[in-house]
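# Coordinate analysis (summary)
These are the residues of each chain, in order.
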Amino acid sequence: MFKFALPQPTSKNKLEECPIVRLPDSAEDWTHVLRALCDRSYQFDGDESQSFSVVAAFARLGTKYEFRQLRTEAVKRLTFEFPSQFNRLDSGIHIIGANDLVFRAITLARETNMLFVLPCAMAICCQSYTIRDLLNGVGSPDYPYIVLSTEDQRAYLSGWYDLIHMQAKETFKWLDPHMRDTLFPDCVSRARCTKARARVLYSIGMSHPISLCNPFSRFDWEMVMCVNCTIVSKVQHARGRKNIWIDLPSFFGLPGWDELLKE
Ligand SMILES: [Zn+2]
């Protein structure tokens, strides 16, 4: 059944004549995995949401004991939440049960060598958590506190800086007052459009600092600019999101997407 060498039962380790094998993994992980192995309908219900503890069990034991289908299921769920494809970036939530999901997913990705989860998970981390969260860890009533490894704390800090820097040059380049004449030569309402962009820039800059880091923001475009400015801004915004996505792994010290997605 298992490809890995496991401790062999001895004549003393028996329960009702059945040999007992002691495994070093958590009982909760094995509960989920054994249920999945004995009941194929267990937790394989298409696109329905799934609890993080099941995903983590499938990822950990699926990797360790080469239960390929369980690992594949875990990859599918994790990449719904933390996409590794740009066109999946705006997908919905498919994992439930952990408020501190991002920290746990990052730790799980390192543990199970699913590094393709990290760029998106780290970007969400930069967007959602403060430096204090990073240093002290995060938790919830249902889960113990979790602190990222030193390696991932470093990745967060350098990535956060890069994202803040790059979103100004890419996603929100159209808000840069210095780019007004370069980007909008066909503007038909210069004073009104300049004022509209300044208002957005001010509202972003004066909000909670965490929201400053949002390189994949989906702008609602309800601001008042002329048609020409709106078209140019939308194109620049979309191009900026894509450009940052392409370089995203490098911000966190990871190999490029091609290398990460070789699995
Ligand atoms: Zn304009």
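Keep in mind that what you see is a predicted model, and the values were worked out from it rather than measured.

This part takes up the nonpolar core. Counting 43 residues, the largest nonpolar core has Ala-105, Ile-106, Val-117, Ala-121 and Met-122 as the members making the most contacts within it. If you list the elements that add at least two residues to this core, you get helix 1 (27–38), helix 2 (52–64), helix 3 (68–81), helix 4 (101–111), helix 5 (118–128), helix 7 (150–169) and helix 10 (227–251). Taken together, domain 1 (23–95) and domain 2 (166–249) each give at least three residues to this core, which thus spans both. Ile-106 has contacts with Leu-118, Ala-121, Met-122, Cys-125, Leu-148 and Asp-152, leaving out every residue within four places of it along the chain.

To continue, consider the environment of Gln-50. Summarising the element assignment, Gln-50 is placed in strand 3 (residues 50–51). Its 22 C-beta neighbours within 10 Å are what place Gln-50 among the buried residues. Residues Gln-50 and Arg-77 lie 27 residues apart in sequence; the distance between their C-alpha atoms is 7.8 Å.

Okay, the packing of helix 5 against helix 7 next. Two elements in contact, helix 5 and helix 7, have axes whose closest approach is 10 Å; the angle formed by their N-to-C orientations is 75°. Between helix 5 and helix 7, the interaxial angle falls into the category roughly perpendicular. Between helix 5 and helix 7, the residues in contact are Met-122, Ala-123, Cys-125 and Cys-126 and Ala-155, Tyr-156, Gly-159, Trp-160 and Leu-163, respectively. For the contact of helix 5 with helix 7, the class distribution of residues is 8 nonpolar, 1 polar and no charged.

Glancing now at the packing of helix 1 against helix 2. Where helix 1 contacts helix 2, the two axes come as close as 9 Å, and the packing angle between them is 90°. Compared by their axis directions, helix 1 and helix 2 come out roughly perpendicular. Two secondary-structure elements touch here, helix 1 through Glu-28, Asp-29, His-32 and Val-33 and helix 2 through Ser-53, Val-54, Ala-57, Phe-58, Arg-60 and Leu-61. Per-class residue counts for the contact of helix 1 with helix 2 are 5 nonpolar, 2 polar and 3 charged.

Our next topic: the environment of Leu-101. Mapped onto the elements, Leu-101 comes out in helix 4. We classify Leu-101 as buried; it has 23 C-beta atoms within 10 Å. Sequence separation between Leu-101 and Gly-139 is 38 residues; the distance between their C-alpha atoms is 9.3 Å.

Procedures and definitions
Residues numbered from 1 in each chain as written. Predicted model: local features only at pLDDT ≥ 70, side-chain atom pairs only at ≥ 80, totals over all residues. Core = buried A, V, L, I, M, F, W, Y, C linked by C-beta atoms within 7 Å. Buried ≥ 20, exposed ≤ 12 C-beta atoms within 10 Å, placed from the backbone. Helix = DSSP H or I, 4+ residues; strand = E, 2+ residues; numbered from the N terminus. Domains from an automatic or database assignment. Contact = placed C-beta atoms within 7 Å. Axes fitted to C-alpha atoms, helices over the stretch in contact; angles between N-to-C directions. Parallel < 35°, antiparallel > 145°, perpendicular 65-115°, else oblique. Nonpolar A, V, L, I, M, F, W, Y, C, P; charged D, E, K, R; others polar.

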